[in-house]
Amino acid sequence: MNSNRQTVSFAKPGIGKTGPRKPPIGKPHLGKTDRHSGQNARRRLPIWVVIAGNGVMATSFWLLGAGGMLAKLVLLVFWVLMVAGSLRTIRLGPGLLSGLLVLAGLTGLIMFGNGAGDEKIRLIGNLMMVPVGLVAGALIGRDCLRILMPAMLFYLILSSSFYLTHEGTRLNHAFLFLGFFALCSVCKFGHRRWLMMATAGAVFLSQTRIAVIAMLINAVGMIRFSRAMTWIAGLIVAGIAAEGVMAYLPRLVMTHDSGRLAFWKMFAEIWRDGSDGQRWLGFGAGSVEEILSQTASFGSFGALHNDHFRILFETGIVGALLWGTGWAVVILMVRQTRLAVCILLSVFVTMITDNSLNYGHYLICCAIAAGISAQEGKNGEPVRND
């Protein structure tokens, strides 16, 4: 019998034990040895599952042009089914149980609150992306990359293009490139660095400041700060990058009024003047878009561009407390791995000035990457980036 088999969980590792840790009893999940790392590797998915998964992912990307709702539905259902197939390997620890309770509370608040039924389903589906991706990454491991990355890379190559704005030329799909960068950060194949540098360049060319900031936060999780060469090379690269941004990507350092502050102020006043029930339980799912649709700037602005404020407005103080607690729980669950923490923090930061909660593919990519990194760190197999 294989003595290296173990279950997958986010439970806190034991402290104070000497000698090798005895593997917990449960559903076998390890078997082969990774020829590159020398560590025990998870059983690989059958090739037909990987091929079929790429087909489903390609379909979900293609459906983005037809509307995000259907694309996200295909994406979410697929990964839920993948997680369901590995549920027997989960050991329900305190962190995972707490996360499930918080998610159930927030889901129930939305379902029984105000708002149209389709908007409730849309919001709940968006909220499910991070937890489902996090569990999928931890349970399935690197096979998630084999399913997701080829289809995503193919889509980005075919659909990426530059478009002209009054602030200069920008590359589209900023957040898809950002999600792909997160997946690259947990890859181990030989030419990963070149692919990562190309992806990083695409994020810069999008001239989306919050995406660049989030990418840098992700990169912090990969850097070994104890090396002197890291600091020397980092300062040189930072200087060259800063000069290139100033010369060719002016929007990244340009100060301008995007209109966000005016809308945030308007919604803050609406929330403040609402009833006690609206302040505590929210105005209901979809209320932000409904109010924005009545303004003259809706066509150009379109959304609130602050997911944290949106949760407060649509689900109230109770929902905002559950939302904050949920983020605290998932970050604590992966705290043993700096890269996983940085990936999740980068997502949290993008939600301050953008509508990341609507970007299902971006969320699932980052969550899967964080889950892979966290599980490998827990098993003593840290993601190597040297």
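Keep in mind it's a predicted model, so treat the numbers as computed, not measured.

Novice: Whenever I open this one, the side chain of His361 confuses me. Can you help?
Specialist: Along the chain, His361 falls in helix 16 (residues 360–378). A relative accessible area of 3% places His361 in the buried class. Setting aside its immediate chain neighbours within four residues, His361 contacts Ser60, Phe61, Leu64, Ala71, Leu75 and Leu176.

Novice: When you look at the nonpolar core in this model, what are you seeing that I'm missing?
Specialist: Membership of the largest hydrophobic core comes to 82 residues, with the highest contact counts inside it found for Met57, Trp79, Leu148, Leu183 and Ile368. With near-sequence residues (within four places) excluded, Ile368 lies in contact with Trp79, Gly133, Leu134, Ala136, Gly137, Cys144, Leu148 and Leu183. Formed by 11 residues, the second largest nonpolar core is a distinct cluster that contains Phe267, Trp271, Phe283 and Val288.

Novice: Teacher, can you tell me more about unusual backbone geometry here?
Specialist: Where the residue is not glycine, phi is negative for most of them; where a peptide bond is considered, it is trans in most cases. Positive phi values are uncommon outside glycine, yet His173 reaches one of about 60°. Considering the arrangement of structural elements, one finds His173 in the loop between strand 4 (168–171) and helix 6 (174–184). A positive phi is found at His305, a non-glycine position, where the angle reads about 60°.

Novice: Before we go on, may I ask you to explain the packing of helix 2 (residues 68–84) against helix 4 (residues 117–140) in this structure?
Specialist: When two helices pack together, their arrangement is captured by the angle between the axes and the distance separating the axes. At a minimum axis distance of 9 Å, the contact between helix 2 and helix 4 shows a crossing angle of 40°. When the interaxial angle is binned, helix 2 and helix 4 end up oblique. The crossing of helix 2 and helix 4 is left-handed. Each of Met69, Lys72, Leu75, Leu76, Trp79, Val80, Met82 and Val83 in helix 2 lies in contact with helix 4, whose residues at this interface are Asp118, Ile121, Arg122, Gly125, Asn126, Met128, Met129, Val132, Val135, Ala136, Leu139 and Ile140. The residue inventory of the contact of helix 2 with helix 4, partitioned by class, reads 15 nonpolar, 2 polar and 3 charged.

What counts, and where the lines are drawn
- Residues numbered from 1 in each chain as written.
- Predicted model: local features only at pLDDT ≥ 70, side-chain atom pairs only at ≥ 80, totals over all residues.
- Heavy atoms only, no water.
- Helix = DSSP H or I, 4+ residues; strand = E, 2+ residues; numbered from the N terminus.
- Buried < 20%, exposed > 50% of the residue type's maximum accessible area, 1.4 Å probe, protein only.
- Contact = heavy atoms within 4.5 Å.
- Core = buried A, V, L, I, M, F, W, Y, C linked by side-chain atoms within 4.5 Å.
- Axes fitted to C-alpha atoms, helices over the stretch in contact; angles between N-to-C directions.
- Parallel < 35°, antiparallel > 145°, perpendicular 65-115°, else oblique.
- Left-handed = near helix turned anticlockwise from the far one by under 90°.
- Nonpolar A, V, L, I, M, F, W, Y, C, P; charged D, E, K, R; others polar.

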